[in-house]
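Spelled out, the chains give:
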Amino acid sequence: MTASDQQDFDAGGSAEPEGLLPQFQTFSGQAEFVSLVRSCVVSACEQGAVNLVFCDTDFSNWPLDDEAIIAALQGWANSTSNQRMLVMVAATYGFVEQNHGAWVRWRKIWDHRVQCWQLNAQADPNLPGVFWSRQNMVVVHDRERCTGMMSREGQRIIREEGR
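Calculation criteria
Residues numbered from 1 in each chain as written. Predicted model: local features only at pLDDT ≥ 70, side-chain atom pairs only at ≥ 80, totals over all residues. Heavy atoms only, no water. Axes fitted to C-alpha atoms, helices over the stretch in contact; angles between N-to-C directions. Helix = DSSP H or I, 4+ residues; strand = E, 2+ residues; numbered from the N terminus. Parallel < 35°, antiparallel > 145°, perpendicular 65-115°, else oblique. Contact = heavy atoms within 4.5 Å. Nonpolar A, V, L, I, M, F, W, Y, C, P; charged D, E, K, R; others polar. Left-handed = near helix turned anticlockwise from the far one by under 90°. pLDDT = per-residue confidence, 0-100. Buried < 20%, exposed > 50% of the residue type's maximum accessible area, 1.4 Å probe, protein only. Pairing = 2+ DSSP bridges.

### Things to note about the packing of helix α3 (residues 67-77) against helix α5 (residues 101-109)
1) Next: It is the contact of α3 with α5, at a shortest axis distance of 11 Å, that shows an interaxial angle of 5 degrees. It follows from the interaxial angle that α3 and α5 lie roughly parallel. Here I70, L73, Q74 and A77 of α3 come into contact with α5, specifically with A102, W103 and W106.
2) Next: For the contact of α3 with α5, the residue count by class is six nonpolar, one polar and no charged.

### Let's talk about the packing of helix α2 (residues 30-46) against α3
1) Next: Running from N to C, α2 and α3 point in directions that differ by 15 degrees, and their axes come no closer than 9 Å. Viewed along their axes, α2 and α3 adopt a mutual orientation that is roughly parallel. α2 and α3 meet at a crossing whose hand is left-handed. Taken together, the residues of α3 that come into contact with α2 (itself represented by V37, R38, V41, V42 and C45) are A68, I69, A72, L73 and W76.

### Observations concerning the confidence of the model for the protein
As a note on interpretation, predicted positions should not be read in detail where pLDDT is low.
1) Next: Overall, the prediction assigns the protein a mean pLDDT of 82, with 80% of residues at 70 or greater.
2) Next: Element-level pLDDT for the protein is lowest in helix α1 (residues 3-10), with a mean of 34, against a maximum mean of 97 in α3.
3) Next: The low-confidence segment residues 1-19, where pLDDT is below 50, has seven contacts with residues more than four positions distant or belonging to other chains.
4) Next: In the predicted structure, residues 156-163 sits below a pLDDT of 50 and forms three contacts with residues beyond four places in sequence or in another chain.

### Some words on the environment of R145
1) Next: As for its position among the elements, R145 is in the loop between β6 (137-142) and β7 (147-151).
2) Next: For R145, a relative accessible area of 60% gives the class exposed.

### A word on unusual backbone geometry
Glycine aside, negative phi is the norm for most residues, and most peptide bonds take the trans geometry.
1) Next: Phi angles above zero are rare outside glycine, and F59 is one such case at about 65 degrees.
2) Next: With respect to the element layout, F59 can be found in the loop between β2 (51-56) and α3.
3) Next: Accessibility expressed as a relative area gives 0% for F59, which makes it buried.
4) Next: Positive phi, normally seen in glycine, also occurs at C146, with a value near 55 degrees.
5) Next: By the element assignment, C146 lies in the loop between β6 and β7.

### Regarding the sheet that holds strand β5 (residues 129-132)
For sheets, the rule is that strands pair by backbone hydrogen bonds, running either parallel or antiparallel.
1) Next: Spatially, the seven strands line up as an open sheet ordered β1-β7-β6-β5-β2-β3-β4, and their pairing is mixed. Edge positions in the sheet fall to β1 (24-28) and β4 (114-118), since each has one partner strand and no second. Averaged over all neighbouring strand pairs, the angle between strand axes comes to 15 degrees, with direction disregarded.
2) Next: Where strand β3 (residues 85-90) lies against β4, five bridges are found, and the strand directions are parallel. Considered in β4, the bridge of V89 is made with W117.
3) Next: Packed onto the sheet, α5 meets β2, β3 and β4 and runs at close to 115 degrees relative to β4.

Pasting the structure below:
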């Protein structure tokens, strides 16, 4: 919540624009995961997130080629803010390179806004599936069943977990 949002909230106004995601939601199945990731990425981009984090073993379940995601990231990256950065962490990028052509093309254009990190061979390759921004986050708890949770309190969760 920005300072102006907090002032609106403190004044009794609604700091929540209509159409935003609920505060907390669980998901079960690929279709729900794809829908939540799309909604969270688009929402974070529209709200001007400075940092975005994508983390997964191989991104095989992720909708990286989704038109709405690519369009939102395009607008986000095209901002005049030089501070915006997307960090992507994976054990391997083979699936992304072979199956997400639109994402790969977008990333090549915006490589100054995207850092792709790959685990070294000694690291545990079973990364959690996570989308994170200050605005919201999605966490996959079970890759096989594609279940997990979404929260609109990404910043607060990270702050509390770090204590």
